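# Structural features, examined
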Amino acid sequence: MIVLDRENRIFTLHTLNTTYQMKADQYNVLLHTYYGSRIDGCDLSALIQCGDRSFTPNPNEAGSNRNYSLDVMPQEYSTCGVGDFRSPSVELELKNGSHTVDLRYKGFRLEKGKCPSEGLPGFYGTEDDAETLVILLKDAAAQVEIELHYGIFENYDLITRAVRVVNQGTDEIRLCQCASLCLDFLRDDMDLLTFNARHLMERCPDRGPLRPGILSVGSVRGISSHQHNPFVILCDHDADEDKGMCYGAMLLYSGNFEAAVECSQFENSRLVMGIHPYHFCWTLEPRQAFTAPEAAMVCSPDGFGQMSCQYHRAVRKHLLRDPYHGRQKPVLVNNWEAAYFDFNADRLIDIAREAAALGIGLFVMDDGWFGTRNDDNSGLGDWQVNMEKLPGGLEDLALHIKNLGMKFGIWMEPEMVNENSHLYRAHPDWVLHVPGRAPSRGRGQLVLDFSRRDVRDYIYEQMKAILSGADISYLKWDMNRSLTDVWSAGLSAQRQGEVYHRYVLGVYDLLERLRHDYPHVLIEGCCGGGGRFDGGMLYYTPQIWCSDDTDAIDRLRIQYGTSFCYPACTVGAHVSAVPNEQNGRVTPLNTRGITAMNGAFGYEMDLGRCTMEEKNEIRRQVKNYKIHYDLLHYGDYYRLSSPYQDTAYTAWEQVSPDQREALVNVVFGCADTVPLFCTLRLKGLDPALQYQVDGTDSFYSGKALMNAGYPLPSVQGDYTALQIYLRAAG
Ligand code: GLA
């Protein structure tokens, strides 16, 4: 709900549990007055105190009033060069060479519902479930208008932010920084949580207190990256899953980003999040506009659990555009870890036949089916089927798969090219490269310049030929290196600072075209696993291969970190063979199944090599997944323990929206000869209901399960797992 106090120029955004407030003050500066637990009917600007402080300048119109300084007061969208020395949100270079920005309130407008900005990903909602407020700020000297867009999704405690910069002058200007979100706090006694690490170990949480200066994470790799995720949390020092104030900030962007938190001299703090300023410079001709990507904030006064649930619900309902909306997605089998590049049609059909017999509904042919792609040094860019491997072509293979009662999917890596390819030989100038420098390779490949329309159009035609030439209902869109040598032949020297962002816009453009022309095709994002797992990609690819690490125990950590923001249905997760291909670990098949079915579930192994006992187990898993599909995909997700802190077991739980069903998942650690007796306290149940443990005569009240706990059995062997299904009695 948006509450406007026109007279006092106060804008209050209420969600179910939270309130966000801004106020335009006597000098038309837009101050941020409050963000936190819901408070109705208040002007919270009295919280802002200001006094004469040395070396904190006073705006000219304040005259002799030394008590007023931008450097002290919480700003809604921070400026630079005119008295606020903390992190700027926006920086401009004018024709006269100046870099100062001074923004003053001009007005506002309300819009119905909530639409993503054109060409960018974003949360969407109708007027029944979302509202939009646009606040207009202006730098009169620069003739620049800045629109601050706020989307309010009340039921989810979610507020989106986006920023549009319009050049209203007659000269060209250069935008050197344009953050999506600025969030000032009148406190700095908080922790910052970030989600980091590397390829094969993505999104590991890291937590630490703010300290004087700037703490930041980001990416300059051209992708959101395996190393840092564009999602951060600020929270009370003692916040945990169940209590404490937490502020989540998610950037819906798949390229270079930065999230920086600065603590100021007066023990306030500021989070600025948006496109990374490195090599970003956007030229705006008169009357042109630039829109910064969207950010989405969830504030939870009740700990991380509630924050995650709200993100999950909002992402599922208002961000994903899933062709299977309201229907079950089939369980998939992917041939990558089963065969790598070494396959032909017969081998693939064998894997598919085995899979079909086990209830698996989608066969995905991974890398290696096109051009001269027999290893990862050649063929990328040549999207013509390799007739030696698949003599009947894609159409014939797809038909075979269909006759097995399955859907057919393929892998592509549209943004890339190998030098050993027809495409590169024909268009060596189409790759990102700096004139006079030989470009760096990554995985033996170069990056196509997706900032260029002609390059994208060519690739799109190739993709269309493939997708229209056979019955294909799934596409794995991969991307296997970071960007280097970022320079485009399509732009002038002055505009080279636009390439990184135009590249991302190019990826979004092609994905949107695909979605439009092939609405039935489910696109799974992938970037060497989870190198581009972000809210931006999720708008186009409703599931993303979470990590190239398929080891169930490592996955517990990766999926745990991912779950803070992203719902399980978006997390591509497969059962693979043991010893695991990445780390040699051996885990029981049941454990691999339970871990993977807490995501977009599939198998990635040669099912023909499974024993009869293993096949029976897989058949049981697939059936179980289908039975609990709604709980697994749409249930509220609760982390019951942390794989980083507990070594005895890792547990998590899904609860149906009506609280009548729950699925508890537990994966134990290494065998303990004399294990301790553990009770697991559950969450999210209805305290008044009696729950029956499936397959037993045991009943427990919700109150008992949440306060006293459920007695875990002692287990034998390393990494065993169990799944407990609870259903309300009566
Ligand atoms: C990436 C993906 C894998 C697989 C290979 C194929 O590494 O993450 O799942 O598709 O590429 O080359």
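Anything mentioned here points back to the structure above.
Residues numbered from 1 in each chain as written. Predicted model: local features only at pLDDT ≥ 70, side-chain atom pairs only at ≥ 80, totals over all residues. Heavy atoms only, no water.

## Comments concerning the overall build of the protein
When helices and strands are tallied, the protein shows 13 helices and 37 strands. Here the protein has a C-alpha radius of gyration of 27 Å; the compact-globule value for 730 residues is 27 Å, and the two agree. Within the protein, the proportion of its 730 residues that are buried is 62%. In the protein, 68% of the contacts between residues at least 6 apart in sequence involve partners at least 24 apart. Split by element, the accessible area of the protein, about 27100 Å² in all, is 48% carbon and sulfur. Within the protein, one finds 69 positive and 95 negative side-chain charges whose respective centroids are separated by 2 Å. (Helix = DSSP H or I, 4+ residues; strand = E, 2+ residues; numbered from the N terminus. Rg over C-alpha atoms; globule rule 2.2 N^0.38 Å. Buried < 20%, exposed > 50% of the residue type's maximum accessible area, 1.4 Å probe, protein only. Contact = heavy atoms within 4.5 Å. Areas by Shrake-Rupley, 256 points an atom, 1.4 Å probe, with all protein chains shown as cover. Lys, Arg positive; Asp, Glu negative; His and termini not counted. Charge placed at Lys NZ, Arg CZ, Asp CG, Glu CD.)

## Details of the pairing of strand S1 (residues 2-5)
Pairing analysis gives 4 bridges linking S1 to strand S2 (residues 10-14), with the strands arranged antiparallel. The residue bridging Asp5 from the neighbouring strand is Ile10, located in S2. What sits between the antiparallel neighbours S1 and S2 is a turn of 4 residues, in which Arg9 has the positive phi angle 55°. (Pairing = 2+ DSSP bridges.)

## Some points on the packing of helix H6 (residues 453-469) against helix H7 (residues 499-517)
In contact at an axis separation of 11 Å, H6 and H7 are set at 30° when each is read in the N-to-C sense. As judged from the angle between their axes, H6 and H7 are roughly parallel. Of the two possible hands of crossing, H6 and H7 adopt the one that is right-handed. Contacts between H6 and H7 pair Arg453, Arg456, Asp457, Ile459, Tyr460, Met463 and Leu467 from the former with Gly506, Asp509, Leu510, Arg513, Leu514 and Asp517 from the latter. Partitioned by chemical class, the residues of the contact of H6 with H7 number 6 nonpolar, 1 polar and 6 charged. (Axes fitted to C-alpha atoms, helices over the stretch in contact; angles between N-to-C directions. Parallel < 35°, antiparallel > 145°, perpendicular 65-115°, else oblique. Left-handed = near helix turned anticlockwise from the far one by under 90°. Nonpolar A, V, L, I, M, F, W, Y, C, P; charged D, E, K, R; others polar.)

## Let's talk about the packing of helix H10 (residues 589-596) against helix H11 (residues 612-627)
Two elements in contact, H10 and H11, have axes separated by 10 Å at closest approach and are oriented at 25°. The angle between the axes of H10 and H11 places the two elements in the roughly parallel class. H11 is crossed by H10, and the crossing has right-handed handedness. Of the residues in H11, those in contact with Leu589, Asn590 and Gly593 of H10 are Glu614, Glu617, Ile618, Arg620 and Gln621. Across the contact of H10 with H11, the residue classes tally to 2 nonpolar, 3 polar and 3 charged.

## Re the site of the ligand
Around the ligand sit 13 residues in total, of which Asp366, Asp367, Lys476, Asp478 and Asp548 are the nearest. In this structure, an oxygen atom belonging to the ligand sits 3.0 Å away from a side-chain N or O atom of Trp411. Take Trp545: an N or O atom from its side chain is 3.4 Å from an oxygen atom of the ligand. (Near = heavy atom within 4 Å. Polar contact = N/O pair within 3.5 Å; in protein donor to acceptor, adjacent residues only side chain to side chain.)

## Quick notes on the environment of Gln690
Structurally, Gln690 can be placed in strand S34 (residues 690-693). Linking Gln690 and Tyr700, residues 10 residues apart in sequence, is a C-alpha distance of 5.5 Å. The residues contacting Gln690, other than those within four sequence positions of it, are Phe699, Tyr700, Ser701, Arg727, Ala728 and Ala729.

None of this, on its own, says anything about what the molecule does.
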